[in-house]
Amino acid sequence: MSDGVIPAHPTDVVENVPPPVGDNRQERLPRSRRAAALRDTLIRSVVPVILALVAGGVLLLILGTNPLKFYASVWQNGVQNGSWQDSAMLAAPLLLIAVGLILIFRANIWQLGYDGQYLLAAVLVTGLGPHITGLPSVVFWLVLFLLTALVGAIWTLVPALLKAYYETNEIITTLMMSFVGIDLANILVKGPFQDPTVNIPQTRTIPSNLMLPSIPGTRVDIGVIVAVIAPFLAYWLLTRTAFGLRLHVLGANPRAASHVGINVKRLIINSFLISGAFVGLSAFVDILGVWGYVRSNWNPAYGDTVIPFVFLARLNPLAVIPFIAFFAILSNGGDLAAANTNVPTDFLLVLVALILLFMTVIEYFGRQRDLGQSYLPPGLKQVFSRPIIPRRRGTREVNS
Amino acid sequence: MILVFASAANIFSKPVLTSLLVGGLLAGLPLMFTALGETISERAGVLNLGLEGMMLAGAYTGFLGAYYLHSATVGFVFGALGGMIGALFMVVLCVWLGLDQIVVGIAITLAGEGLTSVLQGAQFGTTYPRLGAPTLASIPLLDRIPVVGPSLFNQPPIAYVCFVLAGLMFWAFRSTNIGLNLKAAGEKPEALDAAGVSVIATRSWAALATGALAGVGGAYLSIVAAGVFTPMMTQGQGYMAIVIAMLARGKPIWVVGASFLFGISLSIATALQLAGINISTDLINMLPFLTIMVALIIFGRRAYLPPGLAVPYVRGMR
């Protein structure tokens, strides 16, 4: 003891390591355990997707469509014959939104206002863009890049302040701001940003020479590169910076966070702003990469479908990349496949919901196994055998 | 200038006033049902983000019931059952298995949106069959009140059910063991368990009741308000109901008042059009949400949620 080295039992060290921050886990665990952890992660992430596809297939069968034919059509329209390029361009905004959500979900804050943030940023790009076409293209892009990030961030400000100072539930505030943002975007499209040369309510179109250029040899625009950089940036932010650590502490235990001297209010506001900025950037990539203009009542609602994959990736910004790629293919191919096989496109929503449900169930079984408990939840048997209120003085139960 | 004055005077004319009051009441009813339901489950510590999906499920099944069996009453029963199917997921996954209520809630919403749309499409294709106009029941004497009486007290029967329900809940929360148990399940589940009442059962019944009420709220939209089921017809009303429940802080009477106010802001477009004022529909659509934001900013400090909310209860675990 005199030399200051505290001897520790080797197994103790392995057994008692608290869940490490970020992905340091893999460096500390021995090889066999690392393999086991990787296998577990794969099972927990991939099995729900497979189960959902199977369950979705059953639903398709009930609806009278051959599920194999449907999924084959998804593959053909989503990957083959160069359509992977469209999938890649669809993946770009999805990836940026996913990164924005991961960063704030890590702090256990539920920012669900992505639709409003995305649309407002998109509308302002198409509203302002055509007026500053005189700028050199690089400056043009830089201005709009900053603008979208700023718009997305500003639209989270009210929920952020309410959360930081009054602890108002951010799910509600962000959703409300999202609805307000969607309507405001429509007002802007029909009002000040309306293209005067057409009769339908839509904005002016960004000139094609100012749209983001394609990667040579493909139709894929360079916005996809921006979108792929973002997860790596987020990964670095979360695992290698003090900000990431603070975010993690806040997410694990807000009270502990304030006890160790973290300025919780400022951290909450910052995480909202960063999250909003990434969501805003998705509009930059999407509008300048693909659309070029915005119509009224247009809402791709990317965020709703991104959420399950954010969870499946266990809030790991790198792991979310393959999931988003998968969904982009499913979505891009699925739209056409649905049209070909007469299935409503909303079938994709069902698929996403199924993935979420199976994910939570698999998560449950995994947790039970880790804890060494039985697979049957405690109290399942006697749940409905008990009255909602105890019987007293001979009164019979009064059930709802 | 004269035109503006003329229309300003029109605002207080009889048709505008009645359309504002009655429209507010009718538009507020589905919110009221759903928010009353959410009040029950929030009180018991279950945050039900799947409300939107349950409303849609109820709207769809309710419409089917009313369409095939030609009875609005059967429709509402079906609607309640449809909402309860959605709630069943909540009960099994969140209350029994203790899974994340937010994730499951989002999943239920997505499933409700997708499934009802897919089923509707598979069944009716792109046609949207309509139901007949709902039958109305008037309350004797009250319907003789001048100006608003004839329209305000001559409503489909389900409207009266809603107010009776709110009264019942007020009484149940205040002076029955059920109310006490629900409150304990949200405030301090350990205490409820120690008192020998199953937290799991209490929360399960609460979540099921929420599903049933959300289903009826949705069924109201498809059977009475629209007379037709269209995909995504709830348009965020499930979320509005959650906010109303939170703002009302578990008090049924406040839920009624708040729903009525939001109903007015939903129906104000028609009233303004009657008054000859034309405002962008987007601005009108924005109003309820903007109202909520302003309300949250003003009353933000006093928003209260039970400490047990969205925290699964596992006996012996802290």
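Residues numbered from 1 in each chain as written. Chains lettered and ligands numbered in written order. Predicted model: local features only at pLDDT ≥ 70, side-chain atom pairs only at ≥ 80, totals over all residues. Heavy atoms only, no water.

Student: Please set out the overall build of chain A residue by residue, giving values where relevant.
Tutor: When you go through chain A residue by residue, the secondary structure sums to 16 helices and zero strands. Within chain A, the fraction of its 400 residues that count as buried is 51%. Within chain A, contacts between residues at least 6 apart in sequence are counted, and of these 75% link residues at least 24 apart. (Helix = DSSP H or I, 4+ residues; strand = E, 2+ residues; numbered from the N terminus. Buried < 20%, exposed > 50% of the residue type's maximum accessible area, 1.4 Å probe, protein only. Contact = heavy atoms within 4.5 Å.)

Student: I'd love a proper account of the side chain of Thr174(A), names of residues and values included.
Tutor: Residue and element names in this part refer to chain A. Mapped onto the elements of the fold, Thr-174 is located in helix 9 (residues 170–190). Looking at Thr-174, its side chain comes within polar contact range of the main-chain oxygen of Ile-171, at 3.2 Å. If near-sequence neighbours (up to four positions away) are discounted, Thr-174 is found in contact with Trp-110, Gln-111, Leu-112, Gly-113, Pro-159 and Phe-272. (Polar contact = N/O pair within 3.5 Å; in protein donor to acceptor, adjacent residues only side chain to side chain.)

Student: Talk me through the interface of chain A and chain B; I want residue IDs and the actual numbers.
Tutor: It is common to give the size of an interface as the accessible area lost on bringing the parts into contact. Opposite the 51 residues of chain A that make contact, chain B presents 57 residues. At the surface where chain A touches chain B, the tally comes to zero salt bridges. Our count for the contact surface shared by chain A and chain B stands at two residue pairs in polar contact (both at pLDDT 80 or more). For the side of chain A that touches chain B, the secondary-structure elements that each account for two or more residues are helix 8 (157–166), helix 9, helix 14 (302–312) and helix 16 (347–370) of chain A. At 13 residues, the largest contribution of residues to the side of chain A that touches chain B is made by helix 9 of chain A. For the side of chain A that touches chain B, the per-class residue count stands at 36 nonpolar, eight polar and seven charged. (Salt bridge = Lys/Arg side-chain N within 4 Å of Asp/Glu carboxyl O. Nonpolar A, V, L, I, M, F, W, Y, C, P; charged D, E, K, R; others polar.)

Student: Just give me the short version of the nonpolar core, but keep the residues and values in it.
Tutor: Ranked by size, the top nonpolar core spans 207 residues in total, and within it Phe105(A), Met176(A), Leu288(A), Val310(A), Phe311(A) and Ile324(A) carry the most contacts. Beyond its immediate stretch of four places on either side in the chain, Val310(A) contacts Ala98(A), Leu101(A), Ile102(A), Phe105(A), Leu315(A) and Val320(A). (Core = buried A, V, L, I, M, F, W, Y, C linked by side-chain atoms within 4.5 Å.)

Student: Can you tell me about the confidence of the model for chain A, naming the residues and giving the values?
Tutor: Close inspection of predicted coordinates is inappropriate in any region flagged by low pLDDT. All names here are of chain A. In this model, chain A carries an average pLDDT of 81, and 84% of its residues clear a pLDDT of 70 or more. Averaged pLDDT values for the elements of chain A fall to 40 in helix 1 (residues 10–16) and rise to 93 in helix 13 (residues 264–291). Scored below 50 in pLDDT, residues 1–26 makes 15 contacts in the model with residues more than four places away or belonging to other chains. When the criterion is pLDDT under 50, residues 380–400 qualifies, and its contacts beyond four places in sequence or with other chains add up to 34 contacts. (pLDDT = per-residue confidence, 0-100.)

Student: Now, about helix 11 (residues 237–247) of chain B: what can you tell me, with residues and values included?
Tutor: Residues and elements named next belong to chain B. Among the 11 residues of helix 11, 10 are classified as buried, and the element is accordingly described as predominantly covered. Here helix 11 has its buried residues at Gln-237, Gly-238, Tyr-239, Met-240, Ala-241, Ile-242, Val-243, Ile-244, Ala-245 and Met-246. A positive backbone phi angle near 50 degrees is found at Arg-249, which sits one or two residues after helix 11.

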